[in-house]
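Residues per chain, in single letters:
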Amino acid sequence: MDPNSSPAVSSTSYPDLKALSKEGVRLLIFDLDGTLLDSMSVWHDVDKEFLGRYGYEVTPDYTEFVKRVSIEDAARYTQTKYRIPMTWQEVAATWESMVYEFYRSEVNLKEGAKEYLEEAKRLGFSLSVTTALSRQNAGAALTHTGIKELFDCVITLEDLGGKIDKSSPDIFLRATEYVSASGIRIEPCRALVFDDVPQALKGARSGGFLTCAVYDNIGCGGPEGWERFAAECDFSVMRF
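Heads up: these notes are all about the structure in this document. (Residues numbered from 1 in each chain as written. Predicted model: local features only at pLDDT ≥ 70, side-chain atom pairs only at ≥ 80, totals over all residues. Heavy atoms only, no water.)

**Digging into the pattern of salt bridges**
For clarity, the threshold we go by: Think of a salt bridge as a Lys or Arg side-chain nitrogen and an Asp or Glu carboxyl oxygen that are within 4 Å of each other. For helices the rule is a DSSP run of H or I covering at least 4 residues; for strands it is a run of E covering at least 2, with both sets numbered from the N terminus onward. Between buried and exposed lies partly exposed: a residue is buried under 20% and exposed over 50% of the maximum accessible area for its type, with that area taken using a 1.4 Å probe on protein chains only.
If you walk through the whole model with that rule in mind, you get 13 salt bridges. With its nearest N and O atoms 3.0 Å apart, the salt bridge here joins Asp 31 to Lys 166. Highlighted residues: Asp 31 in the loop between β1 (27-30) and α2 (40-52) and Lys 166 in the loop between β3 (153-156) and α8 (170-180), separated in sequence by 135 residues. Lys 166 matches Asp 31 in its accessibility class, with the two residues each being buried. With a closest N to O distance of 2.6 Å, Asp 159 and Arg 135 form a salt bridge. You can see Asp 159 sitting in the loop between β3 and α8 and its partner Arg 135 sitting in helix α7 (residues 135-145), a full 24 residues away along the chain. Overall, Arg 135 belongs to the partly exposed group, its relative accessible area being 38%.

**Structural notes on the side chain of Thr 130**
What counts here: By the convention used here, residues are in contact when the closest approach between their heavy atoms is within 4.5 Å.
Relative to the assigned elements, Thr 130 resides in strand β2 (residues 126-131). Not counting residues within four places of it along the chain, the set of residues in contact with Thr 130 comprises Ile 29, Phe 30, Asp 31, Leu 32, Ile 155, Lys 166, Ile 171, Phe 172 and Ala 175.

**Regarding the environment of Gln 136**
Within the secondary structure, Gln 136 is located in helix α7. Note: C-alpha distance between Gln 136 and Glu 96 (40 residues apart in sequence) is 8.9 Å. Discounting chain neighbours no more than four positions away, the residues touching Gln 136 are Glu 96 and Tyr 100.

**Digging into α8**
In an α-helix there are 3.6 residues to a turn, and that puts residues three or four apart on one side. The set of residues buried in α8 consists of Ile 171, Phe 172, Ala 175, Thr 176, Val 179 and Ser 180. Along its buried surface, α8 packs onto β1, β2, β3, β4 (191-195) and α9 (198-206).

The structure is reproduced here in structure tokens:
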């Protein structure tokens, strides 16, 4: 197989780990909220409660924006758009305090996710997290769910200075750079990105990555948006 070519894959097929290994995929990159974690609803609840304090309702456009950016950028956007009488830093801190306990002690993995990760590790894949969560909440969730030690690296948008979001390939490229630094050079065409947000996987595709759509009622917009989302990706997962 040409090392510079992408693995031959069937459109919208389940990402079978043994088949991926045979095709030369070496790195699996996972989002957290809505992909590995059954957690998108908590953010929707936070948005409803927080905006409701100031007389506003959550709109689809608002959800579409905040679910793919860092908490800092979401706080800036919210503070400006709704003229919240706080600094954006205070908005972000309020959200963090509202969700931290959930990630520390309540969040659950999606069904089959842990088994999928454990099998991937057994087969020799490198594993990475790329998330818009703060490092504090990401770490709390990974520890609580017992999967932290399975990952070679955890990359957050905070680590990139908060200047980009997941519609850019930069966070995914950072994961390949981190793993490659250990001596195993991995090109984007040898890495598969799992995410529940279409804009994030559009960003991954722009960087040359393989992509896997993961179903989530909020992340991908529910059943109405799923078929199109899945069709745009190399693989798709309704459940692991």
